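# Analysis of the macromolecular model
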Amino acid sequence: MSLRIVSQSVLNAWSQTLIRGMSTQGGSKNIGFVGLGNMGGHMASNLIKAGHKLHVFDISKPACDNLKAKGATVYSKTAELAQNVDFLFTMLPNNDIVDASYEEMTANGVNKNTIFIDSSTIDPTLVKSLQKRISAKGARFIDAPVSGGVPGAEQATLTFMVGGTEAEYNAVKSVLECMGKRITHCGDYGMGQAAKLANNMMLAISMIGVSEAMNLAIRLGLNPKTFAEIINSSTGRCWASELYNPVPGVTPTAPANNSYKGGFSTDLITKDLGLASGVATSSNTPIPMGALAHQIYRTLKSKGLGSKDFSIVYDFMKNENN
């Protein structure tokens, strides 16, 4: 028997060929995305940029057309979409729409290899109900709400808060990393939503605080940019002051510079505060500041400002008692 000696260069070439083959085989996935709004549209786009095959649905034709132009396949029925994907994301406005969407998608059965991932902000109780419903049909469901706003969705720097088993977290992590830079396993089903509701309550409170402080400083004669620089190098620094300042002209990319259009609507922050109030009541947790923030945003809604970005609370305060 003759002994062949294989050179190191040949071994290296074989190794690289094998690696490329494995990468190609496991890389691109069929991913569904239902809900292509201010956040979902950017998230879906980032999945395409990462090389995945995207299958989308939204009631907005322009939103679907935008993704179609980037290479996505558009569906008219979510049930059909759900049968053709490995992962299916939902990014929808509220409990009722999420519940109805999953009922429609799974009414005629599910692809048992599909993992359903809800990134909306909903009640943890609904998460547990959906998980039981979908697991009974043979598929998997987890909650993975996000934080980071529209800028985070656009730049793929979102934080994902995942509720599910360790195995499910590991199964979805690489896909979530196409849209975010921090993927955190929060615990069992619904714990992602628990984290999200607490975070959004804090966001609402801090936005009101920044708006009050900016309004006071400006009325006292301070230049808004000067005061913002002071806040952001001092103890008052927060996301709302630094990256999403509610005063026009301070943060160039903030909705305040676009007549408070787009971004995160007052309707949605009010909805989230309502959910936070509900879970606070059920867990016997006092939230005096959260309750006050909810009252303030409900007032903004009653003034017809529900479709405006939630930072419009500054504009509302600015015009009070002038």
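Parameters and conventions
Residues numbered from 1 in each chain as written. Predicted model: local features only at pLDDT ≥ 70, side-chain atom pairs only at ≥ 80, totals over all residues. Heavy atoms only, no water. Helix = DSSP H or I, 4+ residues; strand = E, 2+ residues; numbered from the N terminus. Buried < 20%, exposed > 50% of the residue type's maximum accessible area, 1.4 Å probe, protein only. Contact = heavy atoms within 4.5 Å. Lys, Arg positive; Asp, Glu negative; His and termini not counted. Charge placed at Lys NZ, Arg CZ, Asp CG, Glu CD. Axes fitted to C-alpha atoms, helices over the stretch in contact; angles between N-to-C directions. Parallel < 35°, antiparallel > 145°, perpendicular 65-115°, else oblique. Nonpolar A, V, L, I, M, F, W, Y, C, P; charged D, E, K, R; others polar. Pairing = 2+ DSSP bridges. Right-handed = clockwise from strand over helix to strand, strands pointing away. UniProt positions renumbered as here; feature names shortened; annotations may be inferred. Domains from an automatic or database assignment. Buried area = accessible area lost by both parts, 1.4 Å probe. Salt bridge = Lys/Arg side-chain N within 4 Å of Asp/Glu carboxyl O. Polar contact = N/O pair within 3.5 Å; in protein donor to acceptor, adjacent residues only side chain to side chain. Phe/Tyr/Trp six-rings, centres within 6.5 Å; stacked < 30°, edge-to-face > 60°.

Regarding its fold elements, the protein chain presents 14 helices and nine strands. Taken along its principal axes, the extent of the C-alpha atoms in the protein chain is 95 × 50 × 40 Å. Looking at the protein chain residue by residue over its 322 residues, the buried ones come to 44%. For the protein chain, contacts bridging at least 24 residues in sequence account for 64% of all contacts bridging at least 6. For the protein chain, the distance from the average position of its 29 positive side-chain charges to the average position of its 24 negative side-chain charges is 5 Å.

Okay, the packing of helix 5 (residues 95-106) against helix 6 (residues 124-136) next. As a packed pair, helix 5 and helix 6 sit with axes 11 Å apart at the nearest point and diverge in direction by 0 degrees. Compared by their axis directions, helix 5 and helix 6 come out roughly parallel. Residues Asn 95, Val 98, Asp 99, Tyr 102, Glu 103 and Thr 106 of helix 5 touch helix 6, and the partners they reach there are Leu 126, Leu 130, Arg 133 and Ile 134. Among the residues making up the contact of helix 5 with helix 6, the classes are represented as five nonpolar, two polar and three charged.

Turning next to the environment of Lys 53. Looking at where Lys 53 falls in the secondary structure, it is placed in strand 2 (residues 53-57). Beyond its immediate sequence surroundings of up to four residues, Lys 53 is in contact with Ser 28, Lys 29, Asn 30 and Ile 31.

Counting buried residues in strand 8 (residues 158-163) gives five out of six residues, a clear majority hidden from the surface. With two bridges joining them, strand 7 (residues 146-147) and strand 8 adopt antiparallel strand pairing. Each residue of the ladder has a partner; that of Val 146, found in strand 8, is Phe 160. The pairing of strand 8 with strand 9 (residues 180-187) spans six bridges and is parallel. Looking at the pairing, Met 161 lines up with Thr 184 of strand 9. For the crossover that starts at strand 8, traverses helix 8 (residues 166-176) and ends in the parallel strand 9, the hand is right-handed.

Attention shifts here to the UniProt feature "domain: 3-hydroxyisobutyrate dehydrogenase-like NAD-binding" (unreviewed entry) in the protein chain. Within the UniProt annotation, "domain: 3-hydroxyisobutyrate dehydrogenase-like NAD-binding" (unreviewed entry) is assigned to residues 190-315. In this annotation, residues 190-315 is assigned 60% helix and 0% strand; the end-to-end C-alpha distance for the span is 35 Å.

Turning our attention to unusual backbone geometry. The phi dihedral of Tyr 260 falls on the positive side, at around 60 degrees, and the residue is not glycine. Mapped onto the fold, Tyr 260 is located in the loop between helix 11 (239-242) and helix 12 (266-282). Its relative accessible area of 5% is what places Tyr 260 among the buried residues. Phi is positive for Asn 284, which is not a glycine, with a value near 55 degrees. Mapped onto the secondary structure, Asn 284 falls in the loop between helix 12 and helix 13 (288-302). We classify Asn 284 as exposed; its relative accessible area is 70%.

Per the domain assignment, the segments making up the protein chain are domain 1 (3-188) and domain 2 (194-317). For domain 1 and domain 2, the distance between their C-alpha centroids amounts to 30 Å. Each partner contributes residues to the interface: domain 1 has 16 residues there, and domain 2 has 14 residues. Where domain 1 abuts domain 2, roughly 1,100 Å² becomes buried across the two surfaces, and 65% of that area is made up of carbon and sulfur atoms. Ranking the residues of domain 1 by area buried against domain 2 places Thr 121, Pro 124 and Met 161 at the top, with a combined share of 37%. Linking domain 1 to domain 2 there are zero salt bridges. Taken together, the links from domain 1 to domain 2 amount to six residue pairs in polar contact (both at pLDDT 80 or more).

Quick look at the pattern of salt bridges now. For the structure shown, the criterion picks out eight salt bridges. With a shortest N-O distance of 3.6 Å, Asp 267 and Lys 301 are connected by a salt bridge. Of the two residues, Asp 267 sits in helix 12 while Lys 301 sits in helix 13, which places them 34 residues apart along the sequence. Overall, the relative accessible area of 33% leaves Asp 267 in the partly exposed class. In this structure, a network of salt bridges that share partners links the residues Asp 99, Glu 103 and Arg 133.

Before going further, it helps to spend a moment on the UniProt feature "domain: 6-phosphogluconate dehydrogenase NADP-binding" (unreviewed entry) in the protein chain. Under the present numbering, the feature "domain: 6-phosphogluconate dehydrogenase NADP-binding" (unreviewed entry) in UniProt falls on residues 30-187. Structurally, residues 30-187 is divided into 42% helix and 25% strand, and its ends, taken at the C-alpha atoms, are 26 Å apart.

Quick look at the packing of aromatic side chains now. Applying the stated rule across the entire model yields seven aromatic pairs. Between Phe 264 and Phe 310 the ring centres are 5.6 Å apart and the planes differ by 70 degrees, which places this aromatic pair in the edge-to-face class. With a gap of 46 residues between them, Phe 264 in the loop between helix 11 and helix 12 and Phe 310 in the loop between helix 13 and helix 14 (313-318) connect regions that are remote in the sequence. A connected cluster of aromatic rings, assembled from ring pairs, spans Trp 239, Tyr 244, Phe 264, Tyr 297 and Phe 310.

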